[in-house]
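The chain contents come next:
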Amino acid sequence: MQSSPATEPVRYSFLGPRGTFCFAALQQVASEDTATFVPAVDVPSALRMVRAGQTDAAVVPIENSVEGGVNATLDSLTAGSPLEIRGEMLVPIAFSLAVRPGTHAADIRRVATHPHAWAQCRTWIAEHLTDAVHVPATSTAAAARELAENPDADFDAAICAVPTTGVYGLVSLSDEIADNRNAVTRFIKVSKPGEIPPATGSDKTTLMVRLASEKPGALLEMLQQFAAVGVNLSRIESRPAGDQLGRYAFSLDAEGHIHDERVQAALVGLHRICPEVTFLGSYARADGHATRLHAGTSDEDFGAARTWVASLLSRVTR
């Protein structure tokens, strides 16, 4: 009897290198024992790998509780062939001020890190490193690795995830430099379109919606499609369309799943009034919070309403 071929490991691209918060998020959904982890220099590169078939999925940041949406992700999700979100992960954020052994706070003039990390530590830096300036890096771990491996690096310290300091043989001058000790970053698992994960009762649906720019009240009309059927929006952010000034699309997360009648009704409404609606996935919430239904918005309520309308239509003369 011939044995079946071994299954190829799933390949994940992520914002690298090892030691990023993105790497920590990836470890929540996969193990290097059974999957292949492929670091990317930035978010667009990680998503391009999926589109090109070089990886099967990507894990990238989409939202931070302090800085809001990650624009590189919001824009890259729709800049190319279709991609969809399959799940989300939450990672608590704690930063370390990492230096080479022997470096003191008084020696630090330039600090490298990702712009989102710098924004979350600005107050601490201003109080403790008065003269320090920011050197942008593609990721927090990339800054730490460069500091450790390149003796000619043009900065004296790196802001990175607390565990990353030891990974690259650096030492921490402080592990409590974040201005907000309760900060959390939300990450998403992205792949090419395929089977949509089943509804769990604790779900999100992510969309990108283009408005009709010449129509007064277009934003209000879009929001009414959700309000009318009892769908709450947990996130909404505007992104420039890019083709001309004054044209915008809105990236949003709706509470619920495409399987839910109320979400389907909202999408029907959007498709009628908006020039472009991009479905970016329905998936389980990482926090497990059940979607709260308002009176008249359950699947049963929609079914009863359709049955009533059908009873009226049955009396129409043909």
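- Per an unreviewed UniProt entry, the chain goes by the name Prephenate dehydratase and belongs to Actinotignum schaalii FB123-CNA-2.
- According to the UniProt record, the Pathway (unreviewed entry) comment for the chain is "Amino-acid biosynthesis; L-phenylalanine biosynthesis; phenylpyruvate from prephenate: step 1/1."
- Per its UniProt entry, the chain bears the Catalytic activity (unreviewed entry) comment "prephenate + H(+) = 3-phenylpyruvate + CO2 + H2O".

### Overview of the overall build of the chain
Reasoning step 1: Looking only at helices and strands, the chain has ten helices and 15 strands in total.
Reasoning step 2: Burial statistics for the chain: of 318 residues in total, 46% are counted as buried.
Reasoning step 3: In the chain, 76% of the contacts between residues at least 6 apart in sequence involve partners at least 24 apart.
Reasoning step 4: By element, 53% of the accessible surface of the chain is carried by carbon and sulfur atoms, the whole surface being about 16100 Å².
Reasoning step 5: Averaging the coordinates of the 27 positive side-chain charges in the chain and doing the same for the 36 negative ones gives two points 7 Å apart.

### Some remarks on the sheet that holds strand β7 (residues 110-113)
Reasoning step 1: Read from one edge of the open sheet, five strands run β8-β7-β9-β6-β10, paired in mixed fashion. Either end of the sheet is taken by a strand with one partner, and the two such strands are β8 (133-136) and β10 (171-174). Sheet twist, expressed as the average angle between the axes of neighbouring strands with direction ignored, equals 40°.
Reasoning step 2: With three bridges connecting them, strand β6 (residues 95-99) and β10 associate as antiparallel partners. The partner of Ala 98 across the bridge, within β10, is Ser 172.
Reasoning step 3: Running over the sheet, helix α6 (residues 140-149) touches β6, β7 and β9 (157-161) and is turned about 135° from β9.

### Comments concerning the environment of Phe 187
Reasoning step 1: For Phe 187, the location among the structural elements is in strand β11 (residues 184-191).
Reasoning step 2: Along the chain, Phe 187 and Pro 61 lie 126 residues apart, while their C-alpha atoms are 4.2 Å from each other.

### A closer look at the packing of helix α8 (residues 218-227) against helix α9 (residues 261-273)
Reasoning step 1: Between α8 and α9, the shortest axis-to-axis distance is 8 Å and the interhelical angle comes to 160°. The angle between α8 and α9 places the two elements in the roughly antiparallel class. Along this stretch, α8 crosses α9, giving a crossing that reads as right-handed. Taken together, the residues of α9 that come into contact with α8 (itself represented by Glu 221, Met 222, Gln 225 and Phe 226) are Ala 266, Gly 269, Leu 270, Arg 272 and Ile 273.
Reasoning step 2: Per-class residue counts for the contact of α8 with α9 are five nonpolar, two polar and two charged.

Procedures and definitions
- Residues numbered from 1 in each chain as written.
- Predicted model: local features only at pLDDT ≥ 70, side-chain atom pairs only at ≥ 80, totals over all residues.
- Heavy atoms only, no water.
- UniProt positions renumbered as here; feature names shortened; annotations may be inferred.
- Helix = DSSP H or I, 4+ residues; strand = E, 2+ residues; numbered from the N terminus.
- Buried < 20%, exposed > 50% of the residue type's maximum accessible area, 1.4 Å probe, protein only.
- Contact = heavy atoms within 4.5 Å.
- Areas by Shrake-Rupley, 256 points an atom, 1.4 Å probe, with all protein chains shown as cover.
- Lys, Arg positive; Asp, Glu negative; His and termini not counted.
- Charge placed at Lys NZ, Arg CZ, Asp CG, Glu CD.
- Pairing = 2+ DSSP bridges.
- Axes fitted to C-alpha atoms, helices over the stretch in contact; angles between N-to-C directions.
- Parallel < 35°, antiparallel > 145°, perpendicular 65-115°, else oblique.
- Left-handed = near helix turned anticlockwise from the far one by under 90°.
- Nonpolar A, V, L, I, M, F, W, Y, C, P; charged D, E, K, R; others polar.

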